[in-house]
Each structure stands twice: as C-alpha cells, then as structure tokens.
Amino acid sequence: MTWSVVATCIVCAILLPALGNLVDASTKRRQVFFYGSILTGVWTVFGSILGSNYVWAVALLFTSLTAVTYEVAYLGLGPYLPEIATTDESRNKVSGLRQMGSTAAQLGFAVLTGIPSLFLAAVPMAILGNVVCCLWIFLCAPMAYKALRDRPASSERGNPYAALAKTLKEAKRYPHCFRFLLMHAFSGSAVGSVITQMQTYAAAQGFPADQILILVVVILIFAPISAAAYSFCLNKISPKKHQLFINVLFIAFIIYFSLALQPDSLVLGIVGAVIVGIGFGLFYSLNMANFMKVVPAAHKSEFVGLMGFFGFAFRFVPAAVYGAIVEATNSHAYAFMSIGIWNVLAFLICLTIDFEKGEKDAQAGSNMVINAKIDYIPDPATGPANEVR
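Please read all numbers here as calculations on a predicted model, not as lab measurements. (Residues numbered from 1 in each chain as written. Predicted model: local features only at pLDDT ≥ 70, side-chain atom pairs only at ≥ 80, totals over all residues. Heavy atoms only, no water.)

Student: Kindly report on the overall build of the protein, identifying the contributing residues and their values.
Tutor: A count of helical and extended segments in the protein gives 15 helices and 0 strands. Within the protein, buried positions represent 46% of all 389 residues. In the protein, the share of contacts with a sequence separation of at least 24, taken over all contacts with a separation of at least 6, comes to 85%. Split by element, the accessible area of the protein, about 18600 Å² in all, is 70% carbon and sulfur. (Helix = DSSP H or I, 4+ residues; strand = E, 2+ residues; numbered from the N terminus. Buried < 20%, exposed > 50% of the residue type's maximum accessible area, 1.4 Å probe, protein only. Contact = heavy atoms within 4.5 Å. Areas by Shrake-Rupley, 256 points an atom, 1.4 Å probe, with all protein chains shown as cover.)

Student: I'd love a proper account of the pattern of salt bridges, names of residues and values included.
Tutor: With the rule as written, the count across this model stands at 3 salt bridges. Ionic pairing is found between E359 and K293, a salt bridge with its closest N-O pair at 3.0 Å. Taken together, the residues span a long stretch of sequence, with E359 in helix α15 (residues 355-375) and K293 in the loop between α11 (266-292) and α12 (300-329) at a distance of 66 residues. Each of the two residues, E359 as well as K293, counts as buried. D361 is paired through a salt bridge with K357; the nearest N and O atoms lie 2.9 Å apart. On the criterion of helical spacing, the pair formed by D361 and K357 is a turn pair, its members being 4 residues apart in helix α15. The class of D361 is buried, set by a relative accessible area of 13%. Here the residues in one salt-bridge network are K293, E356 and E359, joined through shared partners. (Salt bridge = Lys/Arg side-chain N within 4 Å of Asp/Glu carboxyl O.)

Student: Summarise the packing of helix α8 (residues 175-204) against α12; cite the residues concerned and give the values.
Tutor: Contact pair α8 / α12: the axes reach a minimum separation of 7 Å and the direction vectors enclose 40 degrees. Of the possible angle classes, the one that applies to α8 and α12 is oblique. In this structure, α8 meets α12 at a crossing whose hand is right-handed. Of the residues that constitute the contact of α8 with α12, the class distribution is 16 nonpolar, 6 polar and 1 charged. (Axes fitted to C-alpha atoms, helices over the stretch in contact; angles between N-to-C directions. Parallel < 35°, antiparallel > 145°, perpendicular 65-115°, else oblique. Left-handed = near helix turned anticlockwise from the far one by under 90°. Nonpolar A, V, L, I, M, F, W, Y, C, P; charged D, E, K, R; others polar.)

Student: Run through the packing of α8 against α11, naming residues and quoting values.
Tutor: Across the interface, α8 lies against α11 with an axial gap of 11 Å and an inter-helix angle of 155 degrees. Accordingly, the angle class assigned to the pair α8 and α11 is roughly antiparallel. The element α8 and its partner α11 pack so that their crossing is left-handed. Packed against α8, whose contacting residues are C177, F180, L181, H184, S187, G188, V191, G192, V194, I195 and M198, the element α11 presents V276, F280, F283, Y284, N287, N290 and F291 at the interface. For the contact of α8 with α11, a count of residues per class yields 12 nonpolar, 6 polar and no charged.

Student: Describe the nonpolar core, naming the residues involved and giving the relevant values.
Tutor: Residues F253, M288, F291, F303 and F336 are the most contacted members of the largest nonpolar core, which totals 71 residues. Looking at this core, the element that brings in the most residues is α8, giving 13 residues. Among all residues touching F336, those that are not within four sequence positions of it are Q197, M198, Y201, F253, I254, F257, S258 and Y322. (Core = buried A, V, L, I, M, F, W, Y, C linked by side-chain atoms within 4.5 Å.)

Student: Which residues make up the state of the cysteines, and what values go with them?
Tutor: Throughout the structure, instances matching the rule amount to 0 disulfides. With no disulfide of its own, C134 lies 8.7 Å from the sulfur of C133, the closest cysteine sulfur. (Disulfide = S-S within 2.5 Å.)

Student: Lay out helix α14 (residues 340-350) in plain terms, naming residues and giving numbers.
Tutor: Along an α-helix, a turn takes 3.6 residues, which lines up residues three or four apart on a common side. Listed in full, the buried residues belonging to α14 are G340, W342, N343, A346, I349 and C350. Summarising the contacts, the buried residues of α14 are in contact with α8, α10 (239-260), α12 and α13 (332-338).

Student: Before we move on, could you go through unusual backbone geometry and cite the residues and values that matter?
Tutor: Phi is positive for N330, close to 60 degrees, though the residue is something other than glycine. Since its relative accessible area comes to 67%, N330 is described here as exposed.

What follows is the structure in structure tokens.
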C-alpha cells in the first residue's frame, strides 16, 4: 500500500459524491466524460515521466490526479447506462459488452507493451506503456463524445454538499440502494485486493516475474470471455443471484489459492488465474448494471459518486490488513485468506437486498422529484417563485 493509494482514496471519497450532484444539475455530462478522460491520459504520462526522475512528491500528485479524473469521467459516462438500456436484460447485456471491450483492450495493451519490454529497460518501458494508453484515450474519447448526446439536467443547481447531506438524510427512502452501496464497499475492495495481492502472494511463494506475468495475461484472457458470456448468455439471471454467485466464486478462489499454491506450482497458479479472470469479467460487468436498477433516475450521477465514495473509503483496508497479518505472523497464506472476510460480509449484506423493492423505491423517489417540479404554478401577478416546494 503506497501513499498514492491512501491519498487517492481520501480525495475521491471526499469529492466524488458532491461532483456527482453537480453533474446531475448540469446538461454537460458528455463534456465531463470527455475532459476527464483526456486529463486521465495526460496525468498518466506526466506521472510516469516525473516518477522515473525521482520527483516523487510531484509524481504522487499526478498518480492521484490520474485516478481522480478517471472517476470524474465515469460520473459523466455511467448514468448513460439506464438511459440506453431500460430493462434488467438490456442493462446486463450493454454492461457486459462494455466490460468485454475494456478487458480486451487491457489484454491488447499487455501484448503491445510486453513485446518492447524484451528490448527496453524498466523505466523507458513504463513510460512507453503509459504513452500508449494516453494515445488510446485520445483516439477513443472523441469518438465517444460524438456518439453521446447531452441530456437535460435532472436536479437543480445548488450547494453540492448540502444536496448530498439531504440525500443521505433521505437514505431511509432507498434502503436497498444503500445496502447495495455497503455491499459494494466490501466486495469491490475484496476483488480489487485479490487482483493486486495475488501477485504479491505469488512472489512470496517463489514465483519469478515471468510466471507472474503469465498469471496476469491468463486473467486478461478469461475476463473478456466471461464478460461476453454474461452479456449474451447470463443476462437474464436476477441481480441478487449474480451478486451472491460472484462473492462465493471469490471466496472459493481465495481458499484454493491460499492452500494450493506452492513454489514451482505454475499449473495450480494458472487454474487460480482462470477463476480470477472469470470473476473479474463478471464482477465489473454486473456491478454497475445491478446498481442502476435501484438508483433514483433524478440522482444518477450523485449515486454513481456515492458508489465511488463507498468504494474508495474502504479500498485500502484489505491491503492494510494483509500487511498487518504478514508483519504479525510472517505468513502470506493467512494474509491472503483474510481477503475472503470482505466477500463473506458482502455475501451476508446481499442476502438482505430486495432488488425489486429497491427498484420501486427508486421509481417512487424519481416521481417525487418530477411532481415537485410541476406541482407549483407561480402566480402571474407576483412573478415566478424563487423556490419550488
């Protein structure tokens, strides 16, 4: 766990919910996505160049900015999902296709940057990889911007933190939505920790760098395959069954990997990487699609920001626990197994979520906002009202 991770978690947790409220009050959603994407590519290159020259404080700033602007871009992009896909099946299909494209691109980058790594030193290789990513963003972001359309503002502009406080006070109207957010805090942190800590654990078990790279490539091969399967074959399964299954899958993987992985057991490691690749593709396909089912339409970006808050506020905890267990017991196996605790908690919370009831609550909340806007007709003699009640 580095200071950049901690700084990023804190900044994103503070900013994202309020920025989401501002995006809801704006008609410029696609501009938020476009400029957030472009800045993400620029900060990535700056951070790698400055970091390689040991200007660590500035590199830390750009590393954090990269993550922040990426999340800001998603505030603009994420709320388009329920507008272009209005049913569970269509949301699942579109979300699966999105994740399939994303993971396929990651696999492509691994290949494109892996070949030059045979001829370049580590630092130039890192810079080249980030430049390639930046160029890819510069190619894709304008095409997405042209394809998307601006939408009317879904809420009124005001103090974003005051509006956020009001939303949190009204949490009892959306109990299943906030349970989902709490579940996401645990499951998202667990899945993210599995992806990073399995490399640490494999290295501790004596795997050389080239074998660890093989495990990463296997994950990236199976992630788009599972995302495609989700999009075309599994999109009719209920959200609750999806969420329960994905947590059970990661719990099973963590137990298997902790107990089975031994030095020079590359085949066993590849089996684990296949499981993670399947889980990785499924988790990031279904999570946003399931969440949008229980989000009030008038507050989509705000709740995407809240999702970012719940994700970042807790993200560094599993890694911190991992490190503490290693320090206390000198056992990476125990430390890796501890990640499963967060999936168990997510599984238990998921049991309490009623997605159908959550969807009705979200629709009722959106109807209240619409009725508030049309219920008051100002008196022509006194002019328009300053406030809609």
